[in-house]
Amino acid sequence: MPPGTGHLLASRPVTAFLVAVAIGLVFGLILALAMRSRVRRREAGEEPPARGLRAPPIPSRDETIATAPPVRPAAPTAPAPAAVKGDGLGSRIRALFAGKKASAEEWSRLEDLLIRADVGPTAATLLVSRVKERYEEGSPDPAALMAEEIANVLGGDNDLHLKPGELSVIMVVGVNGAGKSTTIGKLAALLGRRGLKVGMANSDTFRAAAGEQLSVWAERSGAHIVTQTRGADPGAVAFDAVQSAKARGDDVLIVDTAGRLHTRQPLMAELEKVKRVLERAAGDIEDILLVIDATTGQNGITQAREFTKAVPLTGVALTKLDGTAKGGIVLAVREELDVPVKLVGTGEQVGDLQPFDPQAFANNLLAG
Ligand code: GDP
């Protein structure tokens, strides 16, 4: 044994013991860390809980909010056949005639489809007879034929009757809520964009709010307005507005009128009077527009019939076509009363009014 190594040999068992303890501690520590991280992962849902050991932790309310998966649209699944075809009028017509020679039953069901779209029985019968005739002559697609025939029925005289270089008067009638003030405001802006000078007359002196609302629209569209306090004579307002428009050299004067229920006789008498005053002051009235809310369905034709009794309508402004309603009612109005559509409202903003386009309207009516 070399000298000086005796104490080392004597301490060898102690050293071995210490090394073993150290190794044990290190393993213990590693094991403990591994277990801890596993428990954490399990709690975080990254690893399923050990079966039979314990129930998954119930998250606290805050955790539920923080960790709730974002609401996602349902994963795309194969669309149902109906969704592929769509449920609009056009799709229904195609489904009705798909793969079979049309019999009397199909034509009668086509008429029902049109009536359900507010087209009205007279217009529905006419449209079906025209489509049937062309189909039997060899045109294969009844839906495409229907779009063409609808556009044919609605086409013609769709422009406003403006007189260049002179004051043109447009009188606007309709039930409350149909969209008269909004349409007048949008129309003033539309004509203003065409470089025309526009004035407004508030002859709806029955509702105080109507005057305020129209004044806001006048400001928005850059039009001049003649208004009066509530209860003033609507005819007198109309007269003053014509004088003012002439003095200012306006191109167009748009006259708002009261719209309480069309079935109330005094209102109709009042409308006749406003019309007479306008004619006396301005000569002819170029257009008398009935505002029809597309969402009122069949009620639109009743309104049109009543207003026609009081004043000769020259056109319809169809509003709220931006909603789900497609305005089939204007076919009934055209067929029964021969009143063309001239304007279409598609929203509440100043730019949401378009001149009527029969083909675009027909395509939209059949779309889906
Ligand atoms: P009035 O009583 O006939 O003068 O009707 P208003 O002009 O006051 O319109 C009644 C409501 O219909 C208002 O809330 C308008 O913003 C809304 N409105 C009018 N035209 C349209 C339109 O084309 N589309 C939509 N979505 N709303 C409209």
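For the structure given in this document, a descriptive report is provided here. (Residues numbered from 1 in each chain as written. Predicted model: local features only at pLDDT ≥ 70, side-chain atom pairs only at ≥ 80, totals over all residues. Heavy atoms only, no water.)

## Description of the overall build of the protein
Looking only at helices and strands, the protein features 14 helices and eight strands. When each of the 368 residues of the protein is scored for burial, the buried share is 42%. Residue pairs at least 24 apart in sequence account for 74% of intrachain contacts in the protein once pairs closer than 6 positions are excluded. With the model as given, the accessible surface of the protein reaches about 19700 Å², and the carbon-plus-sulfur share is 58%. (Helix = DSSP H or I, 4+ residues; strand = E, 2+ residues; numbered from the N terminus. Buried < 20%, exposed > 50% of the residue type's maximum accessible area, 1.4 Å probe, protein only. Contact = heavy atoms within 4.5 Å. Areas by Shrake-Rupley, 256 points an atom, 1.4 Å probe, with all protein chains shown as cover.)

## Notes on unusual backbone geometry
With the exception of glycine, the majority of residues adopt a negative phi angle, and the majority of peptide bonds are in the trans configuration. Look at D118: it is not a glycine, yet its phi comes out positive at around 70 degrees. Structurally, D118 can be placed in the loop between helix 5 (104–116) and helix 6 (121–136). Among the residues examined, D118 registers a relative accessible area of 21% and is labelled partly exposed.

## Description of helix 9 (residues 208–221)
A rise of 1.5 Å per residue sets the reference length of helix 9, with its 14 residues, at 20 Å; its end C-alpha atoms lie 21 Å apart and thus fit the reference within 8%. All buried positions along helix 9 are accounted for by A210, G211, L214, W217, A218 and S221. With its buried residues spanning 125 degrees around the axis, helix 9 presents them on a single face. Exposed residues on helix 9 whose side chains face more than 90 degrees from its buried face are E212 and E219. Of the surrounding secondary structure, the elements contacted by the buried residues of helix 9 are helix 8 (180–193), strand 2 (198–203), strand 3 (224–226) and strand 4 (252–257). (Expected span 1.5 Å × (residues − 1). Arc of directions from axis to C-beta.)

## Regarding the pattern of salt bridges
Taken as a whole, this structure holds 15 salt bridges when the rule is applied. Its salt-bridge partner being K163, residue E166 comes within 3.5 Å of it at the nearest N-O pair. Accessibility expressed as a relative area gives 25% for K163, which makes it partly exposed. What you see here is one network of salt bridges that share partners, running through R130, R134, E148 and E149. (Salt bridge = Lys/Arg side-chain N within 4 Å of Asp/Glu carboxyl O.)

## Topic: the site of the ligand
Surrounding the ligand, one finds 18 residues, the nearest of these being G177, K180, T182, D322 and E348. Within the side chain of S181, an N or O atom sits 2.9 Å from an oxygen atom of the ligand. Summarising the interface, the protein chains cover 81% of the accessible area of the ligand, which totals 590 Å² for the free molecule. When residues of the shell around the ligand are assigned to their parent elements, the largest contribution, four residues, is made by helix 8. For the shell around the ligand, the class distribution of residues is two nonpolar, 10 polar and six charged. (Near = heavy atom within 4 Å. Polar contact = N/O pair within 3.5 Å; in protein donor to acceptor, adjacent residues only side chain to side chain. Nonpolar A, V, L, I, M, F, W, Y, C, P; charged D, E, K, R; others polar.)

## What to know about the packing of helix 7 (residues 142–154) against helix 13 (residues 329–337)
As a packed pair, helix 7 and helix 13 sit with axes 9 Å apart at the nearest point and diverge in direction by 50 degrees. Relative to helix 13, the element helix 7 lies oblique. Crossing angle aside, the handedness with which helix 7 passes helix 13 is left-handed. Seen from helix 7, the contacting residues are I150, V153 and L154; seen from helix 13, they are V330, L331, R334 and E335. Of the residues in the contact of helix 7 with helix 13, the class split is five nonpolar, no polar and two charged. (Axes fitted to C-alpha atoms, helices over the stretch in contact; angles between N-to-C directions. Parallel < 35°, antiparallel > 145°, perpendicular 65-115°, else oblique. Left-handed = near helix turned anticlockwise from the far one by under 90°.)

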